[in-house]
Amino acid sequence: MPVTDQEIRLLHEKACQLRKDIIDITYWAGGAHIGGALSMVEMLILLYYKYMNIDPKNPTWKDRDRMVLSKGHGGVGYAPLLARKGYFDFQDLKEFNKFKSPFGMHLDSLKVKGVDASTGSLGHGLPMAVGMALGARVQKQSWLTYCILGDGECNEGSIWEAAMAASQFKLTNLITFVDRNKLMIDGPTEEVMGLEPFADKWKAFGFIVKEVDGHSFSELSAAIEYAQSEKKGPVVIIANTVKGKGIDFMENQVKWHYGGLDTELVEKAKASVDRMAEQAMNLKN
Amino acid sequence: MTEGLTWTVYDADTMTQAEIYGEVLCRLGEENPKIVGLSADLANSTKIGKFGKKFPDRFFNVGIAEQNLFGVSAGLAKTGLIPFVSTMAAFTAMRGVEQVRTDICYQNLNCKIIATHAGTSFGSAGTTHHCTEDLAIMRSFANMTVIAPADGIETAKAVKACVDYPGPVYIRIGRGFEPKFYENEDYDFQIGKAIEVNEGTDITLICCGVTVLQAAEAAKFLKENDGLSVRVLNMHTIKPLDEEAVLAAVTDTRRIITFEDHTVLGGLGSAVADVIAASGKGCAFVKVGIPDCYCIVGYPEDLCSHYKLDTDGIIDKVREVMNMDFEEDDDWEDEV
Ligand SMILES: Cc1ncc(C[n+]2csc(CCOP(=O)(O)OP(=O)(O)O)c2C)c(N)n1
């Protein structure tokens, strides 16, 4: 069932909270990959609050849906989501990046509950997700594997090696997202190493492509439901997003790939997130 | 071509190793048109971007694609150019490693790899971004030269020296929080030649990278407080290793400890151990580094003290090894 208006309201509240959590953790940690964490908020919120079959009280439950955050530097966005879902205490994240902390910038699946794969070196997540999807199939289990890629990350050959495998093995139990925020570290993706025609590349590799507004719950929801029911081949959802989304002074700014915040910027950032949430509630999508 | 090139690296107090590298490479680029630069979406972080801005026609950012990065570098080197290639150490020594070994080292190509964020210098990032294996990996490749400069000044020296040094060279540097050790460039740096930064006859500390400063400080402290005469070697070149310096340490001091921001398996300590073992001489020997585990999370200075690579840790280790009375052993035969 696609998201209802009522659900969308709730999801926006969750998204607003997650953005504020990201701001707080970035402040506590002294710096984090904030831009790319903010661009994938709606994808994570929708998956974890509507679609994923999980049990935070039983993080290793064998029938759970799996998530592989292939763009592992998004840990600062993923960790607070897991905390809010109840995998661990949100206050634990005051230790993010600190000495002896279980939370490095890139999350460790052996130390952080709810994390299905240790990622951070780009280009590793999709191959592992393909393996998980194959594992489910071999063992006749019906859970799904979700994977979120960065667009810059799609420069890596291993992503396309995994894409070939996913389509060769007709993995319809794997749902891949690309956070298409069009920026990487050294600049815009099309200037550093062009990806376009991006959708055509995925099609040529045997994927069914859905392109959506990655900040629209209704569009994301329709794409996820399509992907869940599609049985011809693997689906990739290219989510067009804005890096730094929600914080006006960070949006589309290359330099906010990684950064720190002082108390003044924290206030400004949160005010901006509030304004965004208000607008989003009115638009209801 | 670069001989006689003289300049001082100004601002060594405020510049990181990588910034100094970027600056030096620009100067070398002016002198030597054969130098080209490459990175993989880390032009800014590794500071090779400075060279890229100055020589846009001689610089290639291949995107986040490290295997391609080293393959392309090999191709460029085949045409007679001298590629300087920079990304983080983890993505050099691991992601791109078969290209480094088979395309670059096997074909003995003139590629100069300057890898940043090495060891535990990007400690807060977690294991994916730690690189405590690179010395072991790189050292195992035939034709490869492996260097771990003590600080920014020595990075400048190493980068300059590697241009005319034939074949592939791997230079590992930190993330940018490494304190300086050398005051200026006024000392003799030769690839493959250890530098005695402190004279001593009781024990020898063999170090590379960030541990050189810590050991030198420890030596000073131990002289004043324990009356110990501690030799400190800056073994900036891990391969080819200065075997003579190691053998002299065995003969002169009979006690050796190695300190490295790297796993104790296969790096500087192991290289030194090989030489000691082959010498057939008795020597108390301990390797200090990251034990056989994935390093914990934290800032480099905290990790350094956690793994006993800071001055206090080194002092404790020296006292411990000075108390090993191997010569009292009944089975001991002094062959020195
Ligand atoms: C193999 C590898 N190479 C380089 C890096 C360093 N790095 C971290 S994030 C990043 C840019 C990622 O860009 P993108 O995938 O577009 O992510 P986003 O813009 O969504 O943050 C790079 C190059 C890495 N983590 N892994």
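Residues numbered from 1 in each chain as written. Chains lettered and ligands numbered in written order. Predicted model: local features only at pLDDT ≥ 70, side-chain atom pairs only at ≥ 80, totals over all residues. Heavy atoms only, no water.

## Details of the overall build of chain B
Then step 1. A count of helical and extended segments in chain B gives 13 helices and 12 strands.
Then step 2. In terms of overall dimensions, chain B is globule-like: its C-alpha atoms have a radius of gyration of 20 Å, near the 20 Å expected for 336 residues.
Then step 3. By the burial criterion, 62% of the 336 residues in chain B qualify as buried.
Then step 4. Expressed as a percentage of contacts within chain B between residues at least 6 apart in sequence, the contacts between residues at least 24 apart total 77%.
Then step 5. Of the roughly 12900 Å² of accessible surface on chain B, a fraction of 47% belongs to carbon and sulfur atoms.
Then step 6. Between the mean site of the 29 positive side-chain charges and the mean site of the 51 negative ones, chain B shows a separation of 7 Å. (Helix = DSSP H or I, 4+ residues; strand = E, 2+ residues; numbered from the N terminus. Rg over C-alpha atoms; globule rule 2.2 N^0.38 Å. Buried < 20%, exposed > 50% of the residue type's maximum accessible area, 1.4 Å probe, protein only. Contact = heavy atoms within 4.5 Å. Areas by Shrake-Rupley, 256 points an atom, 1.4 Å probe, with all protein chains shown as cover. Lys, Arg positive; Asp, Glu negative; His and termini not counted. Charge placed at Lys NZ, Arg CZ, Asp CG, Glu CD.)

## Considerations on the sheet that holds strand β2 (residues 59-61) of chain B
Residues and elements named next belong to chain B.
Then step 1. Sheet architecture is open: seven strands sit in the order β2-β1-β3-β4-β6-β5-β10, paired in mixed fashion. Each having just a single partner strand, β2 and β10 (237-239) make up the two edges of the open sheet. Neighbour-to-neighbour, the strand axes of this sheet turn through a mean angle of 20°, independent of strand direction.
Then step 2. Bridge analysis of strand β1 (residues 35-39) against strand β3 (residues 82-86) gives five bridges, and the strand direction is parallel. Each bridged residue has a counterpart across the sheet, and for Ser 39 the counterpart in β3 is Ser 86. (Pairing = 2+ DSSP bridges. Axes fitted to C-alpha atoms, helices over the stretch in contact; angles between N-to-C directions.)

## Let's talk about empty space enclosed by the protein
Residue and element names in this part refer to chain A.
Then step 1. Counted under the stated rule, the structure contains three cavities of 30 Å³ or more.
Then step 2. Computed from the structure, the largest cavity encloses a volume of approximately 60 Å³.
Then step 3. Residue lining of the largest cavity: Met 67, Leu 69, Gly 72, Gly 75, Tyr 78, Leu 107, Val 115, Asp 116, Ala 117 and Thr 119, and that is the complete set.
Then step 4. The residue inventory of the lining of the largest cavity, partitioned by class, reads six nonpolar, three polar and one charged.
Then step 5. In this model, the second largest cavity occupies a volume close to 40 Å³. (1 Å grid on protein atoms, 1.4 Å probe; cavity = no way out; pocket = protein on both sides within 12 Å on 5 of 7 lines; lining within 4 Å. Points joined across faces, edges and corners; volume = space filled by probe spheres on them. Nonpolar A, V, L, I, M, F, W, Y, C, P; charged D, E, K, R; others polar.)

## Notes on the site of the ligand
Then step 1. If you check the shell around the ligand, you find 22 residues, and the closest are Lys 71, His 73, Asp 151 and Lys 243 of chain A together with Glu 66 of chain B.
Then step 2. The ligand sits at a junction of chains, with neighbouring residues supplied by chains A and B.
Then step 3. Lys 71 of chain A has a polar side-chain atom sitting 2.8 Å from an oxygen atom of the ligand.
Then step 4. Glu 153 of chain A has a polar backbone atom sitting 2.9 Å from an oxygen atom of the ligand.
Then step 5. Relative to its unbound accessible area of 590 Å², the ligand is 99% covered by the protein chains.
Then step 6. When atoms are counted within 2 Å of each cavity's grid points, the one that captures over half of the ligand is the largest pocket.
Then step 7. Within the shell around the ligand, the residues separate by chemical class into six nonpolar, nine polar and seven charged. (Near = heavy atom within 4 Å. Polar contact = N/O pair within 3.5 Å; in protein donor to acceptor, adjacent residues only side chain to side chain. Sits in = over half its atoms within 2 Å of the grid points.)

## Examining the interface of chain A and chain B
Then step 1. Counting residues at the interface gives 27 residues for chain A and 26 residues for chain B.
Then step 2. When chain A packs against chain B, close to 2100 Å² is buried across both sides, 51% of that on carbon and sulfur atoms.
Then step 3. At the junction of chain A with chain B, the criterion picks out one salt bridge.
Then step 4. A salt bridge links Arg 95 of chain B to Glu 156 of chain A; the shortest N-O distance between them is 2.7 Å.
Then step 5. Counting every contact that joins chain A to chain B gives 18 residue pairs in polar contact (both at pLDDT 80 or more). (Buried area = accessible area lost by both parts, 1.4 Å probe. Salt bridge = Lys/Arg side-chain N within 4 Å of Asp/Glu carboxyl O.)

## Regarding the nonpolar core
Then step 1. Counting 64 residues, the largest nonpolar core has Tyr 48, Tyr 78 and Phe 177 of chain A as the members making the most contacts within it.
Then step 2. Here this core gets nine residues from one element, more than from any other, and that element is helix α1 (residues 5-29) of chain A.
Then step 3. Setting aside anything within four residues of it in sequence, one finds Tyr 48 of chain A in contact with Ile 54, Met 67, Tyr 78, Leu 81, Leu 82, Lys 85 and Gly 114 of chain A.
Then step 4. Ranked by size, the runner-up nonpolar core spans 63 residues in total, among them Val 24, Ile 147, Ile 195 and Ile 257 of chain B. (Core = buried A, V, L, I, M, F, W, Y, C linked by side-chain atoms within 4.5 Å.)

## Digging into the packing of helix α5 (residues 125-138) of chain A against helix α6 (residues 157-168) of chain A
All names here are of chain A.
Then step 1. Contact geometry for α5 and α6: axes closest at 8 Å, N-to-C directions at 20°. Comparing the axis directions of α5 and α6 gives the class roughly parallel. The element α5 and its partner α6 pack so that their crossing is left-handed. For the pair formed by α5 and α6, the contact residues are Leu 126, Pro 127 and Val 130 on the first element and Ser 158, Ile 159, Ala 162, Ala 163, Ala 165 and Ala 166 on the second.
Then step 2. Residue composition of the contact of α5 with α6, by class: eight nonpolar, one polar and no charged. (Parallel < 35°, antiparallel > 145°, perpendicular 65-115°, else oblique. Left-handed = near helix turned anticlockwise from the far one by under 90°.)

## Some thoughts on the domain arrangement of chain B
In many analyses, interface size is given as the accessible surface area lost on bringing the parts together.
All names here are of chain B.
Then step 1. Along its sequence, chain B is carved into domain 1 (17-172) and domain 2 (195-324).
Then step 2. With 28 residues of domain 1 at the interface, the matching set in domain 2 holds 30 residues.
Then step 3. Buried surface at the junction of domain 1 and domain 2, both sides included, amounts to about 2100 Å², of which 55% is carbon and sulfur.
Then step 4. When the buried surface of domain 1 facing domain 2 is broken down by residue, Thr 120, Thr 132 and Arg 139 rank first, second and third, together holding 29% of it.
Then step 5. Counting every contact that joins domain 1 to domain 2 gives zero salt bridges. (Domains from an automatic or database assignment.)

## Overview of the layout of surface pockets
Then step 1. A volume near 800 Å³ is recorded for the largest pocket.
Then step 2. Every residue lining the largest pocket is counted, 43 residues in all, and those nearest its centre are His 33, Ile 185 and His 257 of chain A together with Leu 42 and Ser 45 of chain B.
Then step 3. Residue assignment for the lining of the largest pocket shows that the elements contributing at least two residues are α1 (17-31), α2 (43-46) and α5 (89-95) of chain B.
Then step 4. Here the lining of the largest pocket is composed, by residue class, of 14 nonpolar, 16 polar and 13 charged.
Then step 5. Here the second largest pocket defines a volume of roughly 560 Å³.

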